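Chains, contacts and geometry: an overview
Take a look at the letters that make up each chain.
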Amino acid sequence: HGTDYVLDSTSKILTIKTDKGAAWWSANGASYLDYTVLLAADIDVSDFLWTPVGSGSGSDAAFSGSFDGQGHSISGLTITAANESYAGLFGGASSAAIRNLCVSGTIEVTESNELYIGGISGCLNNNSTIRNCCSHVDIRGAANEVNAGGIAGWLESGTIENCFNTGDVSGTGTAAMIAGGIYGAISSYSGNSGIIKNSYNTGSVTGSGSSITRSAPLRTAAS
(Lines give C-alpha, C1' and ligand atoms only; values in the text may rest on other atoms or scores of the structure.)
Protein backbone atom coordinates (compact mmCIF):
# COMPACT_ATOMS: atom_id res chain seq x y z
CA HIS A 1 0.00 0.00 0.00
CA GLY A 2 3.02 2.32 0.24
CA THR A 3 2.53 3.57 -3.30
CA ASP A 4 -1.12 4.51 -2.62
CA TYR A 5 -1.01 5.65 1.01
CA VAL A 6 1.31 5.67 3.99
CA LEU A 7 -0.08 4.83 7.43
CA ASP A 8 1.94 5.79 10.50
CA SER A 9 -0.12 4.37 13.35
CA THR A 10 2.38 5.42 16.01
CA SER A 11 2.19 9.11 15.11
CA LYS A 12 -1.39 8.83 13.83
CA ILE A 13 -0.56 10.24 10.40
CA LEU A 14 -2.15 9.03 7.17
CA THR A 15 -0.77 10.28 3.85
CA ILE A 16 -2.94 9.80 0.76
CA LYS A 17 -0.99 9.52 -2.51
CA THR A 18 -3.37 8.15 -5.17
CA ASP A 19 -7.03 7.57 -5.98
CA LYS A 20 -6.70 4.01 -4.67
CA GLY A 21 -5.35 5.41 -1.42
CA ALA A 22 -8.29 7.80 -1.23
CA ALA A 23 -10.71 4.92 -1.89
CA TRP A 24 -9.15 2.98 0.97
CA TRP A 25 -9.44 6.00 3.29
CA SER A 26 -13.07 6.57 2.28
CA ALA A 27 -13.95 2.94 3.01
CA ASN A 28 -12.03 2.82 6.31
CA GLY A 29 -12.39 6.40 7.51
CA ALA A 30 -14.22 5.43 10.71
CA SER A 31 -11.00 3.83 11.98
CA TYR A 32 -8.93 7.01 11.56
CA LEU A 33 -11.21 9.80 12.77
CA ASP A 34 -8.57 11.36 15.06
CA TYR A 35 -5.64 11.12 12.63
CA THR A 36 -3.70 13.79 10.80
CA VAL A 37 -4.51 13.17 7.13
CA LEU A 38 -2.30 14.63 4.40
CA LEU A 39 -3.02 14.79 0.67
CA ALA A 40 0.20 14.37 -1.30
CA ALA A 41 -1.09 14.93 -4.87
CA ASP A 42 -4.05 16.02 -6.98
CA ILE A 43 -6.33 12.99 -7.26
CA ASP A 44 -9.39 12.00 -9.28
CA VAL A 45 -11.85 9.81 -7.37
CA SER A 46 -14.50 9.51 -10.10
CA ASP A 47 -13.98 5.74 -10.45
CA PHE A 48 -15.83 4.99 -7.21
CA LEU A 49 -18.64 6.31 -5.02
CA TRP A 50 -17.35 8.28 -2.06
CA THR A 51 -18.27 7.24 1.49
CA PRO A 52 -18.19 10.36 3.68
CA VAL A 53 -15.49 10.30 6.36
CA GLY A 54 -17.10 10.70 9.77
CA SER A 55 -20.78 10.90 10.54
CA GLY A 56 -22.87 13.22 12.68
CA SER A 57 -21.68 15.95 15.00
CA GLY A 58 -20.80 13.88 18.07
CA SER A 59 -17.12 13.44 18.83
CA ASP A 60 -17.48 9.65 18.83
CA ALA A 61 -18.63 9.50 15.21
CA ALA A 62 -17.34 12.68 13.55
CA PHE A 63 -13.90 13.36 12.10
CA SER A 64 -11.93 14.97 14.94
CA GLY A 65 -8.41 15.07 13.51
CA SER A 66 -6.81 17.40 10.99
CA PHE A 67 -6.80 17.28 7.22
CA ASP A 68 -4.29 19.22 5.14
CA GLY A 69 -4.76 19.14 1.39
CA GLN A 70 -1.40 20.89 1.02
CA GLY A 71 -2.80 22.89 -1.90
CA HIS A 72 -3.98 19.83 -3.81
CA SER A 73 -7.42 18.92 -5.15
CA ILE A 74 -9.86 16.03 -5.03
CA SER A 75 -11.90 15.88 -8.24
CA GLY A 76 -14.74 13.62 -9.32
CA LEU A 77 -16.20 13.32 -5.83
CA THR A 78 -19.48 11.43 -6.25
CA ILE A 79 -22.00 10.65 -3.52
CA THR A 80 -25.36 9.18 -4.52
CA ALA A 81 -27.13 7.65 -1.56
CA ALA A 82 -30.43 7.07 0.16
CA ASN A 83 -30.75 7.46 3.92
CA GLU A 84 -27.38 9.19 4.28
CA SER A 85 -27.99 11.87 6.95
CA TYR A 86 -24.54 13.51 6.75
CA ALA A 87 -22.96 13.93 3.34
CA GLY A 88 -19.81 15.63 2.05
CA LEU A 89 -16.15 14.83 1.72
CA PHE A 90 -16.53 14.63 5.50
CA GLY A 91 -19.91 13.62 6.86
CA GLY A 92 -19.33 15.43 10.13
CA ALA A 93 -16.42 17.24 11.80
CA SER A 94 -16.01 17.85 15.54
CA SER A 95 -12.97 19.71 16.97
CA ALA A 96 -11.38 19.20 13.55
CA ALA A 97 -9.16 21.33 11.32
CA ILE A 98 -9.60 21.06 7.55
CA ARG A 99 -7.50 23.23 5.25
CA ASN A 100 -5.77 23.85 1.92
CA LEU A 101 -8.04 21.82 -0.37
CA CYS A 102 -10.29 22.15 -3.41
CA VAL A 103 -13.02 19.60 -4.12
CA SER A 104 -15.16 19.12 -7.23
CA GLY A 105 -17.91 16.67 -8.09
CA THR A 106 -21.56 15.91 -7.39
CA ILE A 107 -23.51 15.02 -4.26
CA GLU A 108 -27.10 13.83 -4.60
CA VAL A 109 -28.69 12.42 -1.45
CA THR A 110 -32.19 11.58 -0.24
CA GLU A 111 -33.12 11.09 3.40
CA SER A 112 -36.48 10.53 5.05
CA ASN A 113 -35.78 12.73 8.09
CA GLU A 114 -33.03 15.36 8.47
CA LEU A 115 -30.21 15.86 5.97
CA TYR A 116 -26.95 17.78 6.45
CA ILE A 117 -25.03 18.16 3.22
CA GLY A 118 -22.00 20.24 2.17
CA GLY A 119 -19.15 20.11 -0.33
CA ILE A 120 -16.50 19.91 2.40
CA SER A 121 -18.51 18.74 5.42
CA GLY A 122 -22.12 17.95 6.16
CA CYS A 123 -21.82 19.26 9.72
CA LEU A 124 -19.23 21.42 11.51
CA ASN A 125 -19.19 21.29 15.32
CA ASN A 126 -17.12 21.92 18.47
CA ASN A 127 -15.04 24.81 17.13
CA SER A 128 -13.96 22.98 14.00
CA THR A 129 -12.34 25.04 11.26
CA ILE A 130 -12.35 24.97 7.46
CA ARG A 131 -9.71 27.28 6.02
CA ASN A 132 -8.30 27.97 2.56
CA CYS A 133 -10.72 25.56 0.86
CA CYS A 134 -12.90 25.72 -2.22
CA SER A 135 -15.82 23.63 -3.41
CA HIS A 136 -16.91 23.13 -7.00
CA VAL A 137 -19.39 20.46 -5.93
CA ASP A 138 -22.97 20.52 -7.23
CA ILE A 139 -25.26 19.59 -4.35
CA ARG A 140 -28.80 18.23 -4.48
CA GLY A 141 -30.68 17.02 -1.43
CA ALA A 142 -34.17 15.86 -0.62
CA ALA A 143 -35.50 15.14 2.87
CA ASN A 144 -38.07 16.18 5.43
CA GLU A 145 -35.58 18.86 6.53
CA VAL A 146 -32.61 19.80 4.34
CA ASN A 147 -29.60 21.80 5.55
CA ALA A 148 -27.36 22.34 2.52
CA GLY A 149 -24.33 24.56 1.92
CA GLY A 150 -21.52 24.82 -0.59
CA ILE A 151 -18.90 24.41 2.14
CA ALA A 152 -20.88 23.06 5.13
CA GLY A 153 -24.52 22.16 5.54
CA TRP A 154 -24.80 22.82 9.28
CA LEU A 155 -22.45 25.16 11.15
CA GLU A 156 -23.08 24.43 14.80
CA SER A 157 -19.81 25.77 16.19
CA GLY A 158 -16.70 26.72 14.26
CA THR A 159 -15.13 28.91 11.62
CA ILE A 160 -15.11 28.92 7.83
CA GLU A 161 -12.37 31.25 6.58
CA ASN A 162 -10.76 32.09 3.23
CA CYS A 163 -13.10 29.74 1.37
CA PHE A 164 -15.27 29.96 -1.72
CA ASN A 165 -17.92 27.92 -3.48
CA THR A 166 -18.87 27.80 -7.16
CA GLY A 167 -21.09 24.71 -7.05
CA ASP A 168 -24.86 24.90 -7.33
CA VAL A 169 -26.83 24.10 -4.18
CA SER A 170 -30.43 22.89 -4.51
CA GLY A 171 -32.90 20.75 -2.67
CA THR A 172 -36.41 19.88 -1.63
CA GLY A 173 -37.46 19.92 2.00
CA THR A 174 -40.91 18.66 2.89
CA ALA A 175 -40.93 20.55 6.20
CA ALA A 176 -37.93 22.87 5.80
CA MET A 177 -35.31 23.72 3.19
CA ILE A 178 -32.38 25.76 4.48
CA ALA A 179 -29.60 26.40 1.98
CA GLY A 180 -26.71 28.75 1.28
CA GLY A 181 -23.66 29.19 -0.86
CA ILE A 182 -21.24 28.85 2.06
CA TYR A 183 -23.36 27.29 4.82
CA GLY A 184 -26.92 26.11 5.12
CA ALA A 185 -27.79 26.83 8.76
CA ILE A 186 -25.95 28.23 11.77
CA SER A 187 -27.01 26.83 15.13
CA SER A 188 -28.84 29.18 17.47
CA TYR A 189 -28.35 27.00 20.53
CA SER A 190 -26.99 28.77 23.60
CA GLY A 191 -23.20 28.81 23.68
CA ASN A 192 -22.77 27.85 20.03
CA SER A 193 -21.50 30.17 17.35
CA GLY A 194 -20.54 30.02 13.71
CA ILE A 195 -18.16 32.47 12.08
CA ILE A 196 -17.65 33.14 8.35
CA LYS A 197 -14.59 35.18 7.32
CA ASN A 198 -13.33 36.35 3.95
CA SER A 199 -15.41 33.83 2.00
CA TYR A 200 -17.71 34.04 -1.01
CA ASN A 201 -20.13 32.12 -3.18
CA THR A 202 -20.87 32.35 -6.92
CA GLY A 203 -23.02 29.22 -7.28
CA SER A 204 -26.80 29.29 -7.48
CA VAL A 205 -28.90 28.49 -4.40
CA THR A 206 -32.42 27.15 -4.95
CA GLY A 207 -34.94 25.26 -2.88
CA SER A 208 -38.51 24.08 -2.91
CA GLY A 209 -40.98 23.11 -0.22
CA SER A 210 -41.05 25.12 2.98
CA SER A 211 -37.92 27.00 2.02
CA ILE A 212 -35.39 29.44 3.39
CA THR A 213 -32.44 30.24 1.13
CA ARG A 214 -29.34 32.11 2.16
CA SER A 215 -26.37 32.93 -0.06
CA ALA A 216 -23.21 34.46 1.39
CA PRO A 217 -22.20 37.65 -0.43
CA LEU A 218 -18.72 38.40 -1.66
CA ARG A 219 -16.07 38.86 1.00
CA THR A 220 -18.34 38.51 3.99
CA ALA A 221 -17.06 38.61 7.55
CA ALA A 222 -19.88 37.90 9.94
CA SER A 223 -20.62 36.06 13.13
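In case you missed it, the structure is sitting above this.
A few points on the structure. The model shown is predicted, which means the values in this text are computed figures rather than measured ones.

Right, let's talk about the packing of aromatic side chains for a bit. Summed over the entire model, instances satisfying the criterion amount to 12 aromatic pairs. Ring geometry for F63 versus F90: centroids 4.8 Å apart, planes at 35°, classification tilted. A residue pair is termed long-range when its members are at least 10 positions apart, and F63 in the loop between β4 (43–44) and β5 (66–82) and F90 in strand β7 (residues 90–94) qualify at 27 residues. There is no split in this pair, since F63 and F90 are both buried. One aromatic cluster is present, formed by W25, F48, W50, F63, F67 and F90 through successive ring pairs.

So, about the pattern of salt bridges. Here the structure, examined in full by the defined rule, presents 4 salt bridges. Measuring nitrogen to oxygen at the nearest pair gives 2.7 Å for the salt bridge that ties D34 to K12. Taken together, the positions of D34 in the loop between α1 (19–28) and β3 (36–39) and K12 in the loop between β1 (5–8) and β2 (13–16) put the pair 22 residues apart, joining distant regions of the chain. The partly exposed category is assigned to D34, whose relative accessible area is 40%.

Here we come to the state of the cysteines. Applying the stated criterion across every chain yields a total of 1 disulfide. Two residues share a disulfide in this structure: C102 and C134, whose sulfurs sit 1.6 Å from each other. Taking the torsion about the sulfur-sulfur bond, which here is approximately 120°, the covalent link between C102 and C134 counts as right-handed. Placement of the pair is C102 in strand β8 (residues 97–110) and C134 in strand β11 (residues 128–149), with a sequence separation of 32 residues. Residue C102 is classed as partly exposed on the basis of its relative accessible area, which comes to 26%.

A word on unusual backbone geometry. We note that S95 has phi near 55°; this positive angle belongs to a residue other than glycine. Examined against the element boundaries, S95 turns out to sit in the loop between β7 and β8. For N100, which is not a glycine, the phi torsion comes out positive at approximately 60°.

Cut-offs used in this document
Residues numbered from 1 in each chain as written. Predicted model: local features only at pLDDT ≥ 70, side-chain atom pairs only at ≥ 80, totals over all residues. Heavy atoms only, no water. Phe/Tyr/Trp six-rings, centres within 6.5 Å; stacked < 30°, edge-to-face > 60°. Helix = DSSP H or I, 4+ residues; strand = E, 2+ residues; numbered from the N terminus. Buried < 20%, exposed > 50% of the residue type's maximum accessible area, 1.4 Å probe, protein only. Salt bridge = Lys/Arg side-chain N within 4 Å of Asp/Glu carboxyl O. Disulfide = S-S within 2.5 Å.

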